[in-house]
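Chain by chain, the residues run as shown.
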Amino acid sequence: MTEPLAPASSAARPPRRDGTPEGERTATPARRGGMLAAGVLAALAALDVSACGGKVVVDGFEPRDGAGGFDETGGSTSSAPWDTSSSGQGGEGGAPPIPPLVEEDLGEVAIGVPIPVDIPPGTLGFTAIAQLMTSRPSFDPIGIEEISGPGGRTFATDYSILGTLASFYNQGIGTAAVPQTGAAAAVPFVPGTYWITVGDGGFGVPAGPARLSVWRRQTLDGRFHGGKIDINAFIAGRALSEEYMKSALRKAYQGFVGLSVGNITVHHLGPEWDIIDEELLPIVLEQTAGAAGRPALNVIAVSQLGGRLDLAAGVTPSVPAVAVEHGTHLSGIVVALYEQPEADTVILRHELGHFAGLFHTTEFEPIFADPLDDTARCDDVLALGESCPDYGNVMFPTGGDLSGRMTPQQTTIVQASAFYRGIVEDGGGAADPLPDDPGTPAGGARAPAPSGRDLAQAGRDLAGRGTASGDRAWKVALPPRAATLLEGHFCGQSAAAGADFLALLRAAGAADADQLLAVGRDPAAPVQARARALAAAGRAAATSAPVLAELQALAADPRLPRRARLGAIQGLAAASPAAARALAARLAADPDAVVGRMATRAVR
């Protein structure tokens with residue numbers, strides 16, 4: 001639904017701010033086929049801010065009826081195309097008397113001119129989306145330069161939250177939200193007139209016409225009452241089975257911040273999307289065009305992240321990203337799951353946190369932290385590791401202790417975002433989806449059913465993985481900080497900010513190739529730890545013939561989980577391109593087609 005824009009005369013226009021960046025921006029806008037420039041990477045590197053106040057931490061919000069956590073029967077799932085006739089209230093309450101999500105379509109706006117938007121009482125929060133008006137997704141920069149509001153408060157300035165490195169511009173589309181900061185600025189939400197300025201990211205590139213829309217979440221009383229998360233799951237090649245993908249999504253999101261899982265629609269992408277780097281990231285997000293339902297969370301599962309995203313387990317293109325339009329460069333999250341439910345739950349929740357507007361509680365560079373008042377802050381993530389006071393938080397840069405804890409302000413920000421179908425009153429029902437976007441069917445043709453050998457490999461993966469909370473013997477020979485890094489969730493936000501996982505691992509004391517190989521061989525170790533250890537082993541002993549031989553043997557061993565084999569391929573390619581080429585020829589006919597393709601790609 002769209003409501004008319006309040007007349008400009010209803011509020012006084014604030015003075016125009018000087019949008020000159022503090023530092024000179026020298027990058028050029030990225031285009032298809034070129035290097036990914038600051039528009040995306042700076043948005044990926046949405047770091048964080050200021051010192052924190054209180055340290056109250058609570059477990060993830062549970063539904064009002066207490067039925068939180070993983071409910072195997074919770075939510076409806078389907079592999080069929082979206083059917084709006086079956087996506088309504090699900091027998092829960094009545095139709096909402098007001099729309100939970102309202103679009104204020106401001107149409108074409110001038111660059112650099114503050115635009116007033118009246119936000120009424122009952123609002124939980126809003127997301128501003130600036131987009132270039134082009135027939136196809138654009139690679140020119142555009143974004144939200146500034147947001148100011150009632151009482152002269154500034155919520156974003158120079159494409160950032162004051163004191164952070166968050167960048168609210170991107171390729172063809174940029175976003176920012178209120179709230180994304182703590183109680184002193186935005187929690188609880190204050191209604192009134194807000195001024196939003198659209199800009200070109202400071203690049204000085206003629207961007208063409210730009211459109212501004214504001215998506216406002218509301219309830220009858222301005223309090224959260226729940227809702228449903230509809231999910232479009234895209235599986236690249238044979239990255240995961242449909243069964244595991246749906247199970248992982250239900251486990252991660254059923255009960256998350258008081259929401260339940262609605263419809264899950266599965267799509268298949270071709271094997272060309274098996275590995276995604278920073279240049280392919282916006283292109284793979286374009287593949288969500290025509291996906292089912294709005295709002296909906298698009299989750300793209302790939303076999304591996306590479307390039308500047310090497311060894312990350314998930315990446316979100318912007319903080320926040322976009323759930324109300326599919327096929328844009330911000331329309332989803334990309335994950336490389338490990339088929340280890342406890343770890344995968346944290347990966348999915350962590351990336352959804354970014355998608356909804358949350359930053360890391362503390363970054364690897366400790367001068368940066370989130371802008372919330374109730375999250376703890378670590379003085380040095382690498383030095384303190386598990387001793388960090390925010391280590392238990394789901395938005396810790398490594399995913400923390402896998403407990404998934406969140407603070408009240410984090411929960412409020414997620415609940416105020418635009419990615420779910422909301423409920424506006426106690427006992428009410430979730431809204432029906434908004435009308436679908438125009439566009440082509442998402443994901444193209446469905447891939448053929450998994451073959452017997454694919455299912456056999458899946459069985460080996462399940463049998464070969466360790467458990468995140470089980471046998472800890474594999475950690476004994478490692479420095480504690482190194483074990484934390486190997487086991488945790490390395491986030492693409494950190495990678496895009498310049499954090500090199502292998503350099504972090506060396507700094508944490510894991511530089512011995514034999515030690516790393518021992519982790520890679522250990523069937524009791526979590527599969528993500530095995531994969532990362534083998535990738536690091538090749539870099540730690542690039543000239544060691546025994547290490548190269550063992551990496552070759554492990555990469556070729558069909559008894560190992562796929563992700564461990566891929567880690568061995570990465571390590572071998574880094575250590576010896578010649579040995580990696582020989583291995584690629586050997587694995588061309590491997591029973592696991594993903595392993596064969598990855599071995600070939602590793603030597604390109």
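Our structure is the block above this text.
Residues numbered from 1 in each chain as written. Predicted model: local features only at pLDDT ≥ 70, side-chain atom pairs only at ≥ 80, totals over all residues. Heavy atoms only, no water.

Visitor: Quick one: what's the story with helix α6 (residues 408-415), residue by residue and with numbers?
Guide: Summarising burial for α6: six of the eight residues are buried, a large majority. Among all positions of α6, only Gln409, Gln410, Thr411, Ile413, Val414 and Gln415 are buried. Here the buried face of α6 lies against β4 (123-132), β10 (210-218) and α4 (341-356). (Buried < 20%, exposed > 50% of the residue type's maximum accessible area, 1.4 Å probe, protein only. Helix = DSSP H or I, 4+ residues; strand = E, 2+ residues; numbered from the N terminus. Contact = heavy atoms within 4.5 Å.)

Visitor: Outline the state of the cysteines, listing residues and values.
Guide: Counted by the stated rule, this structure contains one disulfide. Residue Cys378 pairs covalently with Cys388 via a disulfide, S to S 2.0 Å. Residues Cys378 and Cys388 share a disulfide whose torsion about the S-S bond is about -55°; that sign makes it left-handed. Taken as a pair, Cys378 in the loop between α4 and α5 (381-384) and Cys388 in the loop between α5 and α6 lie far apart in primary sequence, 10 residues in all. Each member of the pair, Cys378 as well as Cys388, is classed as buried. (Disulfide = S-S within 2.5 Å.)

Visitor: How would you summarise the side chain of Ser318 if you had to cite specific residues and measurements?
Guide: Locating Ser318 in the fold gives a position in the loop between β16 (314-315) and β17 (333-335). Relative accessible area serves as the criterion here: at 2%, Ser318 is assigned to the buried category. A polar side-chain atom of Ser318 sits 3.4 Å from a polar atom in the side chain of Thr175. (Polar contact = N/O pair within 3.5 Å; in protein donor to acceptor, adjacent residues only side chain to side chain.)

Visitor: Any chance you could break down the sheet that holds β10 for me, citing the residues and the numbers?
Guide: The pairing of strands in a sheet comes from backbone hydrogen bonds and takes either a parallel or an antiparallel form. Here we have four strands laid out as an open sheet, ordered β2-β10-β4-β8, and antiparallel in their pairing. Two strands close off the open sheet at either side, each with one partner strand: β2 (101-109) and β8 (173-178). Each strand axis lies, on average, 15° off the axis of its neighbour in the sheet, ignoring direction. Inspection of the sheet shows β4 paired to β10 by nine bridges, in the antiparallel sense. (Pairing = 2+ DSSP bridges. Axes fitted to C-alpha atoms, helices over the stretch in contact; angles between N-to-C directions.)

Visitor: Give a description of the pattern of salt bridges that names residues and reports values.
Guide: Under the counting rule described, the total for this entry stands at 13 salt bridges. When the shortest N-O distance is used, the salt bridge between Arg136 and Glu286 registers 3.9 Å. Taken together, the residues Arg136 in the loop between β4 and β5 (141-148) and Glu286 in helix α3 (residues 281-286) connect sequence positions 150 residues apart. The salt bridge involving Arg562 is made with Asp592; its shortest N-O contact spans 2.8 Å. With Arg562 in helix α14 (residues 562-575) and Asp592 in the loop between α15 (577-586) and α16 (593-601), the pair connects residues that are 30 residues apart, well separated along the chain. (Salt bridge = Lys/Arg side-chain N within 4 Å of Asp/Glu carboxyl O.)

Visitor: Residues and numbers for the packing of aromatic side chains, please.
Guide: With the rule as written, the count across this model stands at 12 aromatic pairs. Consider the rings of Phe126 and Phe189, whose centres lie 6.1 Å apart with planes at 85°: the pair is edge-to-face. Of this pair, Phe126 sits in strand β4 while Phe189 sits in the loop between β8 and β9 (192-199), and the two are 63 residues apart along the sequence. With a relative accessible area of 1%, Phe126 lands in the buried category. Centroid distance Tyr169 to Phe203: 5.7 Å. Interplanar angle 75°. Geometry classified as edge-to-face. Here the residue Tyr169 occupies a position in strand β7 (residues 169-171), and Phe203 occupies one in the loop between β9 and β10, the gap between them amounting to 34 residues. Cluster of aromatic residues (ring-pair linked, three or more members): Phe126, Phe155, Phe189 and Tyr194. Directly above the ring of Tyr420 sits Arg217, whose terminal nitrogen or CZ lies 3.6 Å from the centroid. (Phe/Tyr/Trp six-rings, centres within 6.5 Å; stacked < 30°, edge-to-face > 60°. Lys NZ or Arg CZ within 6 Å of the ring centre and 35° of its normal.)

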